[in-house]
Amino acid sequence: MDLSKDKILKGCGCLSIGFAVMLVGLIILGSLLPDVDEELADDAQQRAQTEQTDKQKEGEPVVNEPLETDPYQELDELIGLNSVKEEVRSLANFVRVQKQREEQGLKVPKLSYHLVFTGSPGTGKTTVARIVARIYKDLGILKKGHSVETDRAGLVAGYVGQTAEKTDSMIAKALDGVLFIDEAYSLVPNGELGGTADYGQEVISTLLKRMEDYRDRLVVIIAGYPNEMKRFIDSNPGLQSRFTRYIDFPDYSSTELVDIFKMYMRKNEYKLAPNAEAFLKERLDYAVAHKDRNFGNARYVRNIFEKAVQRQADRLGGTKGLTTEQLTQLTVEDLSEAFKSATNIK
């Protein structure tokens with residue numbers, strides 16, 4: 001009996017030692033797991049970013065969920081665009097009054113909420129389309145108020161027959177919100193007969209049918225250069241009857257472009273060196289005076305800002321112990337290099 005007890009005790013001792021070793025191993029492994037999780041999370045994030053980039057290259061839409069902020073205030077805070085703001089406010093007032101007439105049993109003219117935005121690149125058409133979507137939600141026209149942004153590449157497929165399906169899929173994403181089609185005129189290329197023009201016509205036919213099918217759930221805003229958009233609308237009687245309200249987006253003045261540049265600086269915590277603002281104004285005056293129809297307006301200024309920030313980083317990259325002023329200040333040298341590299345910016 002005593003010997004067996006002794007063996008049992010020895011066995012328990014081995015088990016205890018084994019359990020302790022296993023416990024230590026688990027603790028060590030547990031300490032490593034967070035690093036593994038972080039690596040997995042980083043890999044997942046990189047994959048998601050790559051997938052998003054690939055989707056954008058393939059013509060996938062940009063979907064903007066409605067923000068909780070006040071769209072009317074956002075409209076008022078936009079730099080310039082005074083005539084655009086007036087048009088949007090006028091449209092909102094018209095809708096409000098017609099809804100009150102309807103509630104009192106009065107006759108209401110047939111309303112079309114679809115819009116044509118005309119103007120050069122970078123004049124705020126996409127931004128205002130997002131705001132209009134949320135204003136329409138506030139007015140009770142749309143239930144959700146999101147916006148889906150696309151262009152020809154997002155609507156046209158490789159073969160006739162597939163295009164209708166692709167367009168339907170895009171429209172489904174936009175239901176209860178706004179479908180924004182940039183450079184819509186490219187659906188009917190100028191002077192092009194047959195071939196790829198047929199694909200564009202298939203988009204238009206599908207779009208017109210769905211605008212009727214979902215007249216209470218879908219608003220379409222189309223955008224592009226004024227002359228091209230007129231040609232596009234005139235190409236189809238269905239487009240003429242559904243798109244009756246136009247809003248023109250004027251080019252920005254050089255003063256407004258300076259204000260937009262300063263807006264980017266405020267948002268990103270940068271400032272201009274004492275002599276840099278005059279240089280910025282002079283260069284933007286020149287850019288506006290010598291612009292062509294492809295001038296990028298606010299898009300041009302954004303690229304100038306991004307290149308100036310990169311130039312500042314190159315200038316300061318080898319310096320340690322930088323002060324807050326050095327880290328936040330953009331100099332004439334930074335701006336000059338940014339403008340030099342902006343020849344092909346549109």
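Structure: see above.
A few points on the structure. Sequence positions are assigned chain by chain, starting from 1 and proceeding in written order. This being a predicted model, a pLDDT of at least 70 is required before a residue's local features are given, and a value of 80 or more before pairs of side-chain atoms are given or counted; all residues contribute to the totals for chains, interfaces and linings. The side-chain figures draw on all heavy atoms in the structure; neither hydrogens nor water molecules are used.

## Some thoughts on the overall build of the protein chain
Okay, so step 1: Counting from the N terminus, the helices are the DSSP runs of H or I reaching at least four residues and the strands are the DSSP runs of E reaching at least two. The number of helices and strands found in the protein chain is 14 helices and 8 strands.
Okay, so step 2: Buried residues are those whose accessible area, probed at 1.4 Å on protein chains only, stays under 20% of the maximum for their type, while exposed residues exceed 50% and partly exposed ones sit between those limits. Counting only residues that meet the buried cut, the protein chain has 40% of its 346 residues in that class.
Okay, so step 3: Sequence-distant contacts, at least 24 apart, represent 77% of the contacts inside the protein chain between residues at least 6 apart.
Okay, so step 4: Throughout, the Shrake-Rupley method with a 1.4 Å probe supplies accessible areas, and for residues the shown protein chains are the sole cover considered. Total accessible area on the protein chain stands at roughly 20000 Å², and carbon and sulfur atoms take up 52% of it. Any two residues whose heavy atoms approach within 4.5 Å are treated as being in contact.

## Quick word on the sheet that holds strand E5 (residues 218–224)
Okay, so step 1: A strand pair is defined by DSSP finding two or more bridges across the two strands. Strand order in the open sheet formed by 6 strands is E1-E3-E4-E5-E2-E6, with mixed pairing between adjacent strands. Looking at which strands have only one partner, the edges of the open sheet turn out to be strand E1 (62–64) and strand E6 (245–249). Averaged over all neighbouring strand pairs, the angle between strand axes comes to 20°, with direction disregarded.
Okay, so step 2: Summarising the sheet, strand E4 (residues 177–182) and E5 pair through 6 bridges and their orientation is parallel. Opposite Phe180, over in E5, you have Ile221 as the bridge partner.
Okay, so step 3: Along the sheet, helix H4 (residues 125–138) makes contact with E1, strand E2 (115–119), strand E3 (147–150), E4, E5 and E6, crossing E2 at roughly 160°.
Okay, so step 4: Angular values range over 0 to 180 degrees, each being the angle between N-to-C directions of two axes fitted as lines to C-alpha atoms, with helices fitted over their stretch in contact. Against the sheet, helix H6 (residues 162–174) makes contact with E3, E4 and E5, and its axis sits at roughly 135° relative to E4, the strand it touches most.

## A short note on H6
Because each turn of an α-helix spans 3.6 residues, side chains separated by three or four positions in sequence point in the same direction.
Okay, so step 1: Residue count minus one, scaled by 1.5 Å, sets the expected span of a helix. The terminal C-alpha atoms of H6, which comprises 13 residues, lie 19 Å apart, in line with the 18 Å expected from a rise of 1.5 Å per residue.
Okay, so step 2: Once H6 finishes, Asp176 follows within two positions and takes phi at roughly 70°, a positive value.

## Here we look at the environment of Lys281
Okay, so step 1: Relative to the elements of secondary structure, Lys281 occurs in helix H11 (residues 276–289).
Okay, so step 2: You can call Lys281 partly exposed: its relative accessible area is 29%.
Okay, so step 3: When the C-alpha atoms of Lys281 and Thr255 are compared, they prove to be 7.3 Å apart, with 26 residues separating the residues in sequence.
Okay, so step 4: Apart from the residues within four sequence positions on either side, Lys281 is in contact with Ser254, Thr255 and Val258.

## Observations regarding the nonpolar core
Okay, so step 1: If you look at the biggest cluster of nonpolar residues, it comprises 56 residues, and the most contacted ones within it are Phe117, Val128, Tyr136, Ile221, Phe261 and Tyr300.
Okay, so step 2: Not counting residues up to four positions away in its chain, the partners in contact with Tyr136 are Leu91, Tyr113, Leu115, Ile141, Leu142 and Val219.
Okay, so step 3: Ranked by size, the runner-up nonpolar core spans 29 residues in total, among them Val116, Val156, Leu179 and Leu218. In plain words, nonpolar cores are sets of buried Ala, Val, Leu, Ile, Met, Phe, Trp, Tyr and Cys residues tied together by side-chain atoms within 4.5 Å.

## Let's talk about the packing of helix H10 (residues 254–268) against H11
Okay, so step 1: In contact at an axis separation of 9 Å, H10 and H11 are set at 130° when each is read in the N-to-C sense. Compared by their axis directions, H10 and H11 come out oblique. In the crossing of H10 with H11, the sense of the turn from one axis to the other is right-handed. In this structure, H10 uses Ser254, Thr255, Leu257, Val258, Phe261 and Lys262 to contact H11, whose residues at the interface are Glu277, Leu280, Lys281, Leu284, Asp285 and Val288.
Okay, so step 2: Classes in brief: Ala, Val, Leu, Ile, Met, Phe, Trp, Tyr, Cys and Pro nonpolar; Asp, Glu, Lys and Arg charged; the others, Gly included, polar. Its residues placed into classes, the contact of H10 with H11 shows 6 nonpolar, 2 polar and 4 charged. Oblique is the label for any angle not covered by the other classes, which are roughly parallel (under 35 degrees), roughly antiparallel (over 145) and roughly perpendicular (65 to 115). Two helices that cross are described as forming a left-handed crossing if the nearer one is turned anticlockwise from the farther one by less than a right angle, and a right-handed crossing if clockwise.

## Digging into the pairing of E3
Okay, so step 1: A two-sided burial pattern is seen for E3, the buried positions comprising Ser147 and Glu149 on one face and Val148 and Thr150 on the other.
Okay, so step 2: Note: E3 against E4, 4 bridges, orientation parallel. Pairing of Val148 across the sheet is with Leu179, part of E4.

## A short note on the packing of H11 against helix H14 (residues 332–340)
Okay, so step 1: In the contact formed by H11 and H14, the axes pass within 9 Å of each other and the chain directions differ by 20°. As judged from the angle between their axes, H11 and H14 are roughly parallel. Between H11 and H14 lies a crossing whose hand is right-handed. In this structure, H11 uses Ala276, Phe279, Leu280, Arg283 and Leu284 to contact H14, whose residues at the interface are Val332, Leu335, Ser336 and Phe339.
Okay, so step 2: Looking at the contact of H11 with H14 residue by residue, the classes come out as 7 nonpolar, 1 polar and 1 charged.

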